[in-house]
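# Architecture and fold: a report
Given next are the chains, with one letter for each unit.
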Amino acid sequence: MLKIYQSNAQGSLIEIKDIAHNSLVYLVNPSADEIATVVEQLEVPIDFIRDALDKNERPRIEKSANTLFMVLNTPVLKHDQSHKNEALYHTCPIGIIHAENHLLIVSRQELPILSNLITGQYGEFQSYMKTRISLLIFKAVAESYNHYLTQMNKKVSQLQQKLKKSYRNDELFGLIGVNKSLVYFSTSLSGMRILYSRIMQGHDIKIHPEEKKRLEDILVDIRQAAEITEMRRESLSNLMDAYAAIIHNNLNSVLKMLTTLAIVMVIPTMMGSIFSMNVALPYEEEAISTVVVGISMLLIVVLLVVVFYKKKYLRV
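Residues numbered from 1 in each chain as written. Predicted model: local features only at pLDDT ≥ 70, side-chain atom pairs only at ≥ 80, totals over all residues. Heavy atoms only, no water.

Below, the discussion takes up the nonpolar core. One finds L72, I105, L117, F138, Y196 and I199 to be the most contacted residues of the largest nonpolar core, which totals 59 residues. With 14 residues, the single largest contributor to this core is helix α4 (residues 130-163). Apart from residues no more than four positions distant in its own chain, I199 is found in contact with I61, M70, F138, I205, I207 and L215. In terms of nonpolar packing, the next biggest core, distinct from the first, is built from 18 residues, V38, A52, F69 and I97 among them. (Core = buried A, V, L, I, M, F, W, Y, C linked by side-chain atoms within 4.5 Å. Buried < 20%, exposed > 50% of the residue type's maximum accessible area, 1.4 Å probe, protein only. Helix = DSSP H or I, 4+ residues; strand = E, 2+ residues; numbered from the N terminus. Contact = heavy atoms within 4.5 Å.)

Let's shift gears to helix α7 (residues 288-310). Between the first and last C-alpha of α7 there are 33 Å, a value that for 23 residues agrees with the 33 Å anticipated at 1.5 Å per step. Along α7, the residues classified as buried are S289, V293, V301 and F308. Looking one or two places after α7, you find K312, whose phi comes out positive at around 65°. (Expected span 1.5 Å × (residues − 1).)

In this fold, T74 is placed in strand β5 (residues 67-77). Every residue in contact with T74, bar those within four places of it in the chain, is listed here: H90, T91, C92, I94, L111, I113, V141, S144 and Y145.

A few words on the pattern of salt bridges. Inspection of every chain in the model, using the stated rule, returns 4 salt bridges. In this structure, R60 engages E62 in a salt bridge whose closest nitrogen and oxygen atoms are separated by 2.5 Å. The exposure class assigned to E62 is partly exposed, which follows from its relative accessible area of 32%. (Salt bridge = Lys/Arg side-chain N within 4 Å of Asp/Glu carboxyl O.)

Let us now look at helix α1 (residues 32-42). Of the residues making up α1, those classed as buried are I35, V38 and L42. The buried residues of α1 occupy an angular sector of 65° when the element is viewed end-on, so they sit on one face. Those residues of α1 that are exposed and aimed more than 90 degrees away from the buried face are A32, D33 and E40. In this fold, the buried residues of α1 make contact with β1 (2-7), β3 (24-28), α2 (46-52) and β7 (103-107). Residue E43 follows α1 closely and has a positive phi angle near 55°. (Arc of directions from axis to C-beta.)

A few words on the sheet that holds strand β2 (residues 13-16). One open sheet accounts for 7 strands, arranged β2-β1-β3-β7-β6-β5-β4; its pairing is mixed. Across the chains shown, the open sheet's two edge strands, defined by having one partner strand only, are β2 and β4 (60-64). Across the sheet, the mean angle from the axis of one strand to that of its neighbour is 25°, orientation sign disregarded. Two strands pair when backbone bridges link them, and β1 and β3 are joined in this way by 4 bridges, in the antiparallel orientation. (Pairing = 2+ DSSP bridges. Axes fitted to C-alpha atoms, helices over the stretch in contact; angles between N-to-C directions.)

A separate point is the UniProt feature "transmembrane region" (unreviewed entry) in the protein chain. Here, UniProt's "transmembrane region" (unreviewed entry) annotation points to residues 258-281 and 287-309. In this annotation, residues 287-309 is assigned 96% helix and 0% strand; the end-to-end C-alpha distance for the span is 34 Å. (UniProt positions renumbered as here; feature names shortened; annotations may be inferred.)

Applying the stated rule across the entire model yields 5 aromatic pairs. Consider the rings of Y89 and Y148, whose centres lie 4.9 Å apart with planes at 50°: the pair is tilted. Taken together, the residues span a long stretch of sequence, with Y89 in strand β6 (residues 89-98) and Y148 in helix α4 at a distance of 59 residues. Here Y89 and Y148 have matching classes, each one buried. Joined through ring pairs, the aromatic side chains of Y89, Y145, Y148 and F185 make up one cluster. (Phe/Tyr/Trp six-rings, centres within 6.5 Å; stacked < 30°, edge-to-face > 60°.)

A few words on a nonpolar patch on the surface. A cluster of nonpolar side chains, contributed by I288, V291, V292, I295 and L299, occupies part of the molecular surface with about 460 Å² of accessible area. Inspection of the secondary structure assignment puts V291 in helix α7. (Patch = residues over 30% accessible without salt bridge, like charges linked within 9 Å, V, L, I, M, F, W, Y side chains within 5 Å. Areas by Shrake-Rupley, 256 points an atom, 1.4 Å probe, with all protein chains shown as cover.)

Structure below.
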C-alpha cells in the first residue's frame, strides 16, 4: 500500500495521488511496482526499502549520498497466540528515509502508531518537517514500549495468582511467552539507545535546540523502558524458577493425599475380603459378628483418618 500526504495552504495534512515536492510518503507492505515507483521518483537506494521490510532488521542509521536511512523497532501485539509458550509481543521494524525533498516511512505491516501519527495524535507537523516527523515517530515508539510493558506487568500478575494453586504447566508457559517478549524488547531498546545517542550528537541530522530537548526526553523514556525491561526479565526468570517448584510441590501434595486415602481404604477392603470368603471362620454363625466386623472397620478407618490428618497427609 502506497499513501502520499502533503500539507495544504492551511497547514492541514491531506492525501494526494502523486508524489509532489516535500511529500510524506508512507509505504506499508508494498508491492514490487510500488517500490519501483518510489525508488524512481525519490531516488533512494532500493536496499534501504528492502532492509526496512526485513522482519529481523535491528535499529541502525546509515547515510548514502543525499539520503539518510534509520531503522526503529516498535513493539507489536502478536495476533496468533495459539501456542502458550510463544511470545505475546514481537517487534516490527520501521524505516525512516530522509530523501532530498521528501520523507519516506516504510513498514512491513500497518501499525497503529503510524496511523495515529498521521492524524496528529502525537503532535502537529507539516509534511516538509522531516526532522520533526522523525522525532514524533521516536516519541510514539517510546510510548508504545511503555504501554506494552505495563500490559505485560498486568499479564504476569494474573498468571501469578493462577500459579499459586496450579498443578499444570499452562501458566508457566504463559510466563515463558512474556519472557520471550521481553527479550525482543531488550534487544530493540539497546539498539535504539545507541541510535538516539548518535543522533543527539548532530552528525547525521541537524537538530535545533528545541528539537534536541525533545530528543533528550525521548532518550530518557527509552533508557527507562530498557531498564524496566531488564529488571522484569531478571524478576521473571526468578519467578519461573520459583513457580516451577511450586507446581512440583502442589503435585506432590495431591499424590500424597491420594496415597494416604488408598492406605485408609485398603484396611477395610482387606477385612471385608477375609470375612466374605467361602471358608469357615470363628463365630461366623453369630448374628453379632457382622456388626462387630462393621464397627471394627469403621473404627480403623476413623483412626487412620485422624492420624493422617494430624500429620497433614490429608491436606493439600
